[in-house]
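# Understanding the architecture of this molecule
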Amino acid sequence: MSLSVQSQSQRTHLRRARLALACVSIAANALCGGGVFTFSLMSPALVDHLKLTQPQLTTIALAGMMGQYPFAAMIGKVVDKYGPWACSIIASCLFFAGFGLFAKEIINTPDDITVPSASTFHHLTIYFFIAGLGTAFSYFSSLFAACKNFPDFIGIASGTSITLFGLSPMFISILASRFFSHPDEGLDVTHFLQFLAIFCGAVHLFGAFTLHIIPLPENPPSVVLEDPEGSVHVDEQTALLRGKRSRTAEIETGVVVASPIKGGSVVDLAKDHYFWALVFVLFVILGSSEMVISNIGTIVLSLASQASSTTVAPSTDMATATQVRFLSVANTLSRLVVGPLADFVSPTATASGVQSILRKRHVSRVAFLFFSILILTLTYLWMVLGVRSQVDLWVLSIGAGVAYGSTFTILPSLVSSMWGIENLGRNFGVLTYAPFLGTPAFSYFYAFNAASHSDDGVVCKGIQCWNTTFSWYTAIAIVACGVTGYLWRSWRDQV
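Residues numbered from 1 in each chain as written. Predicted model: local features only at pLDDT ≥ 70, side-chain atom pairs only at ≥ 80, totals over all residues. Heavy atoms only, no water.

All right, on to the overall build of the protein chain then. Secondary structure summary: the protein chain contains 18 helices and four strands in total. Considering only residue pairs separated by 6 or more positions, the protein chain has 83% of its internal contacts joining residues 24 or more positions apart. Per element, the accessible surface of the protein chain, about 24,500 Å² overall, is 66% carbon and sulfur. (Helix = DSSP H or I, 4+ residues; strand = E, 2+ residues; numbered from the N terminus. Contact = heavy atoms within 4.5 Å. Areas by Shrake-Rupley, 256 points an atom, 1.4 Å probe, with all protein chains shown as cover.)

Below you can see the structure in the form of structure tokens.
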């Protein structure tokens, strides 16, 4: 008996050590995965050395962004089939190749060119696309290593890993400023890119050895108890422990009945009308929020600053920076708060049967999704009715940041509860096509409406630039509120 207990203790300590290494690797991958988002730091050097034009710079940056969304479902399938370690080693190779070849292309370009080289531009676009694809593999490796290793606290796991990933550009920017920037010459872009290739590649290579799904320790052999009543029918949903229970246990323990997995294929997922309802809600929340995040600068520019007789109005750049900070802080804090709060008030069961929860379940997790779309509805309504100057825009920045961060934090637990944790990566990847389509749809709607109220080549001024846009956004958000309410009612006993 003592040997068995000792062996069990050793296995427990080994599992904890492996989990600790996995946590370190999750944090490292998340913090080192956002190198493509520091492209703005490289742009001045690329213009100076390679003579690239603004459209060419925009194309290269867009290649890095577009390298993430289109392959999300495929990357999720890799996570589900092989594990996060596989995504980490692929990310390592892609970072090493993408950033490394980008640096080599800059080195091989002569210093005395006067016009941009078409071949150099095409090569840099391809290499940055490769780095963007590596970012997607990195994101999935850290997010789903956290979610699948801590399924009982999936809100905290997803919220923490996503928050660290969001801090990655700032972390890498600090490294760039501290070690690769010179007061007179600016950023040494070649050595910075070589550093990214080696550093990010090595970190994710380490993740290939540590980012595994650590199995739970084996339960001790079960004991068959004779039923004194002899008349109780036992099936797969019968509680394992029967008999007397204290009133306290009844109050604190809840049972969540998860919906059975209907099938493992994407076709089965597409046949579920709840799936399409969720896609529409994400299309509205994430698509419109990313539009605000991308265009907050031009929205600020369209409005007059407000200054009193004793104060000087802030510059447009300062006003824009203030709104960006509001967005960033709201986004980050919502991820840190919503994840733990959701795990506390709404413990979930993965879609594999019946799960007994040792904490009372107060509300469905869909309530957090409803909260996000309700915040957006009120925010867009405020834009139509209340915004007349730049100082009024803080509501838009905070509202979009909270809705965006809360939705991405709560999404993995919703998906795992409804369609199972086995295909969580693939299903999450499929759902990310909603913002992939929603962001350009909402962005171009805003852009064309603003262009219709401005002269050629002049930035639109006045509330008419976006008043009609946000009126339509409000109407669409109200519809999304109704759809989310329908999901809340349908899933109230499951999620």
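Another point: the pattern of salt bridges. According to the stated counting rule, one finds two salt bridges in the structure shown. Lys148 is paired through a salt bridge with Asp80; the nearest N and O atoms lie 2.8 Å apart. Taken together, the positions of Lys148 in helix 6 (residues 118–149) and Asp80 in helix 4 (residues 72–82) put the pair 68 residues apart, joining distant regions of the chain. In this structure, Lys148 and Asp80 share a single accessibility class: buried. (Salt bridge = Lys/Arg side-chain N within 4 Å of Asp/Glu carboxyl O. Buried < 20%, exposed > 50% of the residue type's maximum accessible area, 1.4 Å probe, protein only.)

Quick look at helix 17 (residues 433–451) now. If you check helix 17, its first and last C-alpha atoms are 27 Å apart, about what 19 residues at 1.5 Å a residue would give, namely 27 Å. The secondary structure elements touched by the buried residues of helix 17 are helix 12 (273–302), helix 16 (424–431) and helix 18 (467–491). (Expected span 1.5 Å × (residues − 1).)

Counted according to the given criterion, the structure contains one disulfide. For Cys200, which is in no disulfide, the shortest distance to another cysteine sulfur is to Cys32 and amounts to 5.3 Å. (Disulfide = S-S within 2.5 Å.)

This paragraph deals with the packing of helix 12 against helix 17. Here helix 12 crosses helix 17 at 45°, and the two axes come no closer than 7 Å. It follows from the interaxial angle that helix 12 and helix 17 lie oblique. When you trace helix 12 past helix 17, the crossing you get is right-handed. When helix 12 is examined against helix 17, the residues Val279, Leu282, Phe283, Val284, Leu286, Gly287, Ser288, Glu290, Met291, Asn295, Thr298 and Ile299 are found in contact with a partner set consisting of Ala434, Pro435, Leu437, Gly438, Thr439, Ala441, Phe442, Ser443 and Tyr446. (Axes fitted to C-alpha atoms, helices over the stretch in contact; angles between N-to-C directions. Parallel < 35°, antiparallel > 145°, perpendicular 65-115°, else oblique. Left-handed = near helix turned anticlockwise from the far one by under 90°.)

A few words on a nonpolar patch on the surface. A cluster of nonpolar side chains, namely Tyr82, Trp85, Ile89, Ile90, Leu205 and Phe209, defines an oily patch on the protein surface of about 570 Å² accessible area. Every element with two or more residues in the nonpolar patch is listed here: helix 5 (84–107) and helix 9 (189–210). Element by element, the count of residues in the nonpolar patch is highest for helix 5, at three residues. You can see Trp85 is positioned in helix 5. (Patch = residues over 30% accessible without salt bridge, like charges linked within 9 Å, V, L, I, M, F, W, Y side chains within 5 Å.)

Mapped onto the elements, Thr432 comes out in the loop between helix 16 and helix 17. On the basis of relative accessible area, Thr432 is assigned to the buried category, the value being 7%. Not counting chain neighbours up to four residues away, the residues in contact with Thr432 comprise Tyr69 and Ala72.

Attention now goes to unusual backbone geometry. For Lys51, which is not glycine, the phi torsion reads 60° and is therefore positive. With respect to the element layout, Lys51 can be found in the loop between helix 2 (39–50) and helix 3 (54–66).

Among the nonpolar cores identified, the biggest contains 114 residues, and Phe102 and Phe470 are the most heavily contacted of them. Counting residues per element, this core draws most heavily on helix 12, which supplies 14 residues. When sequence neighbours within four positions are dropped, the list of residues in contact with Phe102 reads Phe39, Leu46, Ile60, Leu124, Tyr127, Phe128 and Leu193. (Core = buried A, V, L, I, M, F, W, Y, C linked by side-chain atoms within 4.5 Å.)

Here we take up helix 7 (residues 154–166). Compared with the 18 Å implied by 1.5 Å per residue over 13 residues, the 18 Å span of helix 7 between its first and last C-alpha is a close match. Taken together, the buried positions of helix 7 are occupied by Ile154, Gly155, Ala157, Ser158, Gly159, Ser161, Ile162, Thr163 and Phe165.

Moving on, we come to the environment of Gly287. Within the element layout of this structure, Gly287 appears in helix 12. A residue is classified by how much of its surface remains accessible, and Gly287, at 0% relative accessible area, is buried. The spacing of Gly287 and Gly438 is 151 residues in sequence and 4.1 Å in space, taken between C-alpha atoms. Non-local contacts of Gly287, meaning those with residues more than four positions away in its chain, are made with Leu282, Gly438, Thr439 and Phe442.

A few words on the confidence of the model for the protein chain. For the protein chain, the mean per-residue pLDDT works out to 81, and 83% of the residues sit at or above 70. This stretch, residues 220–263, has a pLDDT under 50; its non-local contacts, to residues over four places away or in other chains, come to 46 contacts. Counting contacts from residues 350–358, a segment whose pLDDT is below 50, to residues more than four positions away or on other chains yields 36 contacts. (pLDDT = per-residue confidence, 0-100.)

Attention now moves to the packing of aromatic side chains. Within this structure, the stated rule accounts for 30 aromatic pairs. Grouping aromatic residues by their ring pairs yields a cluster made of Phe283, Tyr380, Phe442, Phe445, Trp466, Phe470 and Tyr473. (Phe/Tyr/Trp six-rings, centres within 6.5 Å; stacked < 30°, edge-to-face > 60°.)

In this section: the environment of Arg426. In this fold, Arg426 is placed in helix 16. On the basis of relative accessible area, Arg426 is assigned to the buried category, the value being 6%. Once the C-alpha coordinates of Arg426 and Ala73 are considered, the two residues, 353 residues apart in sequence, prove to be 4.9 Å apart. Looking at Arg426, its side chain comes within polar contact range of the side chain of Asn427, at 2.8 Å. (Polar contact = N/O pair within 3.5 Å; in protein donor to acceptor, adjacent residues only side chain to side chain.)

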